Amino acid sequence: MNNLSLYAIAAVYIVSGILHFIRPEPYLRIMPPYIPYHPLMVILSGIAELVLGLGLLFPITRSLAAWGLILLLIAIFPANLYMATADKFSSIPAWIRWGRLPLQGVLIWWAWRYT
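Residues numbered from 1 in each chain as written. Predicted model: local features only at pLDDT ≥ 70, side-chain atom pairs only at ≥ 80, totals over all residues. Heavy atoms only, no water.

Under the annotation held in an unreviewed UniProt entry, the protein chain carries the name DoxX family protein and is attributed to Larkinella humicola. UniProt lists a comment for the protein chain under the heading Subcellular location (unreviewed entry), and it reads "Membrane". (UniProt positions renumbered as here; feature names shortened; annotations may be inferred.)

Asker: Just to check I follow, could you spell out the overall build of the protein chain for this structure?
Answerer: The helix and strand inventory of the protein chain stands at five helices and zero strands. Against the compact-globule benchmark of 13 Å for 115 residues, the protein chain has a radius of gyration of 14 Å, which places it among compact chains. With the principal axes as the frame, the protein chain shows a C-alpha extent of 45 × 30 × 20 Å. The buried share of the protein chain, reckoned over its 115 residues, is 37%. (Helix = DSSP H or I, 4+ residues; strand = E, 2+ residues; numbered from the N terminus. Rg over C-alpha atoms; globule rule 2.2 N^0.38 Å. Buried < 20%, exposed > 50% of the residue type's maximum accessible area, 1.4 Å probe, protein only.)

Asker: Can you walk me through the packing of aromatic side chains in this structure?
Answerer: Each aromatic ring pair is described using two quantities: the centre-to-centre distance and the angle formed by the ring planes. The tally for this structure, following the rule as stated, stands at one aromatic pair. A centroid spacing of 5.7 Å and a plane angle of 90° characterise the contact between Tyr 82 and Phe 89, whose relative ring orientation is edge-to-face. By relative accessible area, which is 1% here, Phe 89 ends up buried. (Phe/Tyr/Trp six-rings, centres within 6.5 Å; stacked < 30°, edge-to-face > 60°.)

Asker: What should I look at first to understand the UniProt feature "transmembrane region" (unreviewed entry) in the protein chain in this one?
Answerer: In the numbering used here, UniProt assigns the "transmembrane region" (unreviewed entry) feature to residues 6-22, 34-58 and 64-83. Its end C-alpha atoms 29 Å apart, residues 64-83 is made of 100% helix and 0% strand.

Asker: I would appreciate a short explanation of the environment of Ile 30 in the present structure.
Answerer: Here Ile 30 lies in the loop between α2 (25-29) and α3 (38-55). Ile 30 sits 20 residues away from Ala 10 along the chain, and the two C-alpha atoms are 23 Å apart. Filtering out sequence-adjacent residues up to four positions away, Ile 30 remains in contact with Ala 79, Asn 80, Tyr 82, Met 83, Phe 89 and Arg 100. (Contact = heavy atoms within 4.5 Å.)

Asker: Help me out: how do you make sense of a nonpolar patch on the surface in this one?
Answerer: Together, Val 15, Ile 18, Leu 19, Phe 21, Ile 22, Tyr 37, Leu 40, Ile 43, Leu 44, Ile 47 and Val 51 line one region of the surface with nonpolar side chains, adding up to about 1000 Å² of accessible area. For the nonpolar patch, the secondary structure elements donating two or more residues are α1 (3-22) and α3. Summarising the element assignment, Leu 40 is placed in helix α3. (Patch = residues over 30% accessible without salt bridge, like charges linked within 9 Å, V, L, I, M, F, W, Y side chains within 5 Å. Areas by Shrake-Rupley, 256 points an atom, 1.4 Å probe, with all protein chains shown as cover. Salt bridge = Lys/Arg side-chain N within 4 Å of Asp/Glu carboxyl O.)

Asker: Explain the UniProt feature "domain: Methylamine utilisation protein MauE" (unreviewed entry) in the protein chain here, please?
Answerer: Taking the numbering used here, the UniProt-annotated feature "domain: Methylamine utilisation protein MauE" (unreviewed entry) corresponds to residues 6-82. Helix makes up 83% of residues 6-82 and strand 0%, whereas the separation of the span's terminal C-alpha atoms amounts to 30 Å.

Asker: What is the right way to look at the packing of α1 against helix α5 (residues 94-112) in this model?
Answerer: Between α1 and α5, the least distance of the axes is 11 Å, while the angle of their chain directions is 125°. Here α5 runs oblique to α1, going by the angle between their axes. Read as a crossing pair, α1 and α5 show a hand that is left-handed. Seen from α1, the contacting residues are Ser 5, Ala 8, Ile 9, Val 12 and Tyr 13; seen from α5, they are Leu 107, Trp 110 and Ala 111. Tallied by class, the residues present in the contact of α1 with α5 amount to seven nonpolar, one polar and no charged. (Axes fitted to C-alpha atoms, helices over the stretch in contact; angles between N-to-C directions. Parallel < 35°, antiparallel > 145°, perpendicular 65-115°, else oblique. Left-handed = near helix turned anticlockwise from the far one by under 90°. Nonpolar A, V, L, I, M, F, W, Y, C, P; charged D, E, K, R; others polar.)

Asker: Explain α1 to me, please; I cannot follow it from the model alone.
Answerer: Over its 20 residues, α1 runs 28 Å from end to end, which matches the ideal 28 Å to within 8%, given 1.5 Å per residue. Residues Ser 5, Leu 6, Ile 9, Ala 10, Tyr 13, Ile 14, Ser 16, Gly 17 and His 20 constitute the buried set of α1. The buried residues of α1 occupy one face: seen down the axis, they fall within an arc of 160°. Opposite its buried face, α1 presents the exposed residues Leu 4 and Ile 22, each directed more than 90 degrees away. Tucked inside the fold, the buried residues of α1 contact α2, α3, α4 (59-85) and α5. Sitting at the head of α1, Asn 2 places a side-chain oxygen 2.8 Å from the backbone nitrogen of Leu 4. (Expected span 1.5 Å × (residues − 1). Arc of directions from axis to C-beta. Polar contact = N/O pair within 3.5 Å; in protein donor to acceptor, adjacent residues only side chain to side chain.)

This is the structure in structure tokens:
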């Protein structure tokens, strides 16, 4: 497996996980209204991204971390769908809002490579 790809995917999730704590506002904003406890969900998803990203770096935890990321990506899909469809995001170009949806598939495939 290409080490650059491994380090890149790990960095994506480690940085994203950290951003959940230092800049939670964007994550809070895309939370669908039907999901309870928005601040807690942002914290938990940030912890998950950080831990799973770090888990990719160690051979003993790599497969489990990759499966965890796949499940996490599926779990956060409703937030991306909400962002694509809610009127409050109309200032963001539609191609960006809708482009995030197939990007989830690419991210799932990327994580799957390490299962």
